[in-house]
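So you can see what is in the structure, the chains are spelled out below.
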Protein chains: 4
Amino acid sequence: MRRFVWPVTVGFGDCDPANIVYYPNFFRWFDQATHQMWRSAGYDIAQLRQQTGLIAGPLVDVGATFRATATHGDLIEVHSQVEEWTARTLRIAHQIRRGDTVLVDGFEVRIFARPDPDHPARIKTVPIPENFRALFSSEPVAD
Amino acid sequence: MRRFVWPVTVGFGDCDPANIVYYPNFFRWFDQATHQMWRSAGYDIAQLRQQTGLIAGPLVDVGATFRATATHGDLIEVHSQVEEWTARTLRIAHQIRRGDTVLVDGFEVRIFARPDPDHPARIKTVPIPENFRALFSSEPVAD
Amino acid sequence: MRRFVWPVTVGFGDCDPANIVYYPNFFRWFDQATHQMWRSAGYDIAQLRQQTGLIAGPLVDVGATFRATATHGDLIEVHSQVEEWTARTLRIAHQIRRGDTVLVDGFEVRIFARPDPDHPARIKTVPIPENFRALFSSEPVAD
Amino acid sequence: MRRFVWPVTVGFGDCDPANIVYYPNFFRWFDQATHQMWRSAGYDIAQLRQQTGLIAGPLVDVGATFRATATHGDLIEVHSQVEEWTARTLRIAHQIRRGDTVLVDGFEVRIFARPDPDHPARIKTVPIPENFRALFSSEPVAD
């Protein structure tokens, strides 16, 4: 499967009074890595929304295990790849590293959706578009 | 003029390695105070946008002077009021206090706008709606 | 066990271009609920650090499942409680609700630690202090 | 004077429901540009603090004028330089650009300080260290 690496320089303001990265920022970087991975594969979620009404990527499940800390000035990398497909979900594995040191192992499970015509403020899941899956995987679909 | 007070409990994650509020967060609280002030006056910017196409509130100018620091656990207040109107701008004064101690003095200058029909990605300023100004001031307009 | 409720008003800036809460903010609110829960029980982590060198609360594992969205102006609540103790970890369950609607179910696993004398930039876990556990639970310790 | 350029890719989560950068993030980028500028000149504020007790950089005044918007996926640059020195302050000009388009013009005024021996929670300003000024300027000091 396609792998993607997104570099981040940890900012002073990304760190908390313990002088280490404030943990919600790791999820900002997960999310940005996902968006950049899609963009780098030529998948434009704004265009998709405008042309088809499809909403790419609501998150349904997320998690992370923290193995080592990072601080301001550190150069770190988010290593991302889609590691599992079902008909209606994709699971992206993210690993954050500083050199050879693994700092964080995590994942995001995302879906595709449309606005629900019966409840304008809600969305309904839809199957993952074939052309999207094709960009990131040649694997068969687990259902 | 109408005054508005918005309370904030400073979070651990709002603070930086110097153990004080990371300064961009004061602007998050300015912005939230502005939105809550409008909402508390019955002005719903989402509804406005949907019904009239008007965009309430793009920021054109902002500033702050920092007089004292705050840290996690502190209860602080944003005191906000519109202090100046022109035909096309409003200037909101924000003062952040912890008890009697002034922490920050700042301001935001905001406009009203519409999408520019000739350049979809741009906006054009419009005069401040009369009914909006009426909610916050009985003062004559400086132009 | 002691339950704790922390109210949050969702800000405009807490939301993303999909007009819903940007998900890393839910973790900011988890973290803030944890800190406020400790503070409300009279446990001052800054004082603890200063007096004993103990570091309260490094995160080792975190996760969340997203069930419904929230947007700016929503009043939501974080409901938190310690749901599991081991000798060296505590697991805090967080549920975020808007009225009766569950938005997010999540958890944090945290530890207590000391600076590692052999590696100044690292920390070593220590057993959870008895007096800390007593504040939040009368349950026996699972090991 | 030494100029410094810091590139930023605008993230999805850096944008608000209006689909443009949420303005406090521009200050995060100002702050990060300042820290990276210092670091790139070989000035390590953590080391300074540890070796001399000096605190590099509390902010006393900040402002910005917003000229054009940016959205997720945009590659932008923060152009920074110290534009004014007094005995006890430095003023850093920041301009944020996307290609040739100026998005934001702003500034930060910062000081150097020491913990106040009479009031442990406060700080006292000190003159800007000569070696620091030398790194960024050959200009005479305005007082």
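Every value quoted in this text rests on a predicted model; they were computed, and no experiment measured them.

### With respect to the overall build of chain A
Check the secondary structure of chain A and you find three helices and six strands. Along chain A, from the amino end to the carboxyl end, the secondary structure elements read β-α-α-β-β-β-β-β-α. For chain A, buried positions account for 54% of its 143 residues. Surface accessibility of chain A: about 6,500 Å² in total, with carbon and sulfur atoms responsible for 48%.

### Description of the interface of chain C and chain A
By a widespread convention, an interface's size corresponds to the accessible area lost as its parts come together. Taken residue by residue, the interface counts 17 residues in chain C and 17 residues in chain A. Both faces considered, chain C and chain A share a buried interface measuring about 1,500 Å² in area, 56% of it formed by carbon and sulfur atoms. The largest contributions to the chain C side of the interface with chain A come from Tyr22, Tyr23 and Phe66 of chain C, which together make up 32% of the buried area. At the junction of chain C and chain A, the tally comes to zero salt bridges. On inspection of chain C and its partner chain A, the count reaches 12 residue pairs in polar contact (both at pLDDT 80 or more).

### Here's the deal with the interface of chain C and chain B
Across the contact, 16 residues belong to chain C and 16 residues belong to chain B. Around 1,100 Å² of area is buried between chain C and chain B when both sides are counted, 54% of it from carbon and sulfur atoms. When the buried surface of chain C facing chain B is broken down by residue, Thr9, Phe12 and Arg39 of chain C rank first, second and third, together holding 34% of it. Along the contact surface separating chain C from chain B lie zero salt bridges. Along the contact surface separating chain C from chain B lie two residue pairs in polar contact (both at pLDDT 80 or more).

### What about the packing of aromatic side chains?
Aromatic ring pairs are reported here in terms of the distance separating the ring centres and the angle at which the planes meet. Counted by the stated rule, this structure contains 54 aromatic pairs over all chains. On the basis of an interplanar angle of 45 degrees and a centroid distance of 5.8 Å, the ring pair of Phe26 of chain B and Phe66 of chain B is categorised as tilted. On the criterion of sequence distance, the pair formed by Phe26 of chain B in helix α1 (residues 24-40) and Phe66 of chain B in strand β2 (residues 55-66) is long-range, its members being 40 residues apart. Of the two residues, Phe26 of chain B and Phe66 of chain B, both sit in the buried class. The residue whose ring lies beneath Arg91 of chain D is Phe107 of chain D, and the NZ or CZ to ring-centre distance is 3.9 Å.

### Quick notes on the packing of helix α1 (residues 24-40) of chain A against helix α1 (residues 24-40) of chain C
Put simply, α1 of chain A and α1 of chain C touch, their axes get as near as 8 Å, and they point 170 degrees apart. When the axes of α1 of chain A and α1 of chain C are compared, the pair comes out roughly antiparallel. Residues Pro24, Phe27 and Arg28 of chain A of α1 of chain A lie in contact with α1 of chain C, whose contacting residues are Pro24, Phe27 and Arg28 of chain C. The class makeup of the residues in the contact of α1 of chain A with α1 of chain C is four nonpolar, no polar and two charged.

### Structural notes on α1 of chain C
Residues and elements named next belong to chain C. Here α1 is 17 residues long and its end C-alpha atoms lie 24 Å apart, about the 24 Å a rise of 1.5 Å per residue gives. With 15 of 17 residues buried, α1 is to be regarded as a mostly interior element. Looking one or two residues beyond α1, the residue adopting positive phi is Gly42, at roughly 85 degrees.

### Things to note about the relation of the copies chain C and chain B
The two copies are related by a screw operation: chain C maps onto chain B through 180 degrees of rotation and 0.0 Å of translation along the axis, at an RMSD of 0.0 Å. In short, the pair behaves as if placed about a two-fold rotation axis. Relative to the rotation axis, the C-alpha of Val8 of chain C is the closest in chain C, positioned 4.9 Å from it. Comparing interface residues between copies, 100% of those in chain C also sit at the interface in chain B, which points to an isologous, same-surface contact.

How each quantity is defined
Residues numbered from 1 in each chain as written. Chains lettered and ligands numbered in written order. Predicted model: local features only at pLDDT ≥ 70, side-chain atom pairs only at ≥ 80, totals over all residues. Heavy atoms only, no water. Helix = DSSP H or I, 4+ residues; strand = E, 2+ residues; numbered from the N terminus. Buried < 20%, exposed > 50% of the residue type's maximum accessible area, 1.4 Å probe, protein only. Areas by Shrake-Rupley, 256 points an atom, 1.4 Å probe, with all protein chains shown as cover. Contact = heavy atoms within 4.5 Å. Buried area = accessible area lost by both parts, 1.4 Å probe. Salt bridge = Lys/Arg side-chain N within 4 Å of Asp/Glu carboxyl O. Polar contact = N/O pair within 3.5 Å; in protein donor to acceptor, adjacent residues only side chain to side chain. Phe/Tyr/Trp six-rings, centres within 6.5 Å; stacked < 30°, edge-to-face > 60°. Lys NZ or Arg CZ within 6 Å of the ring centre and 35° of its normal. Axes fitted to C-alpha atoms, helices over the stretch in contact; angles between N-to-C directions. Parallel < 35°, antiparallel > 145°, perpendicular 65-115°, else oblique. Nonpolar A, V, L, I, M, F, W, Y, C, P; charged D, E, K, R; others polar. Expected span 1.5 Å × (residues − 1). Least-squares fit on C-alpha atoms with pLDDT ≥ 70 in both.

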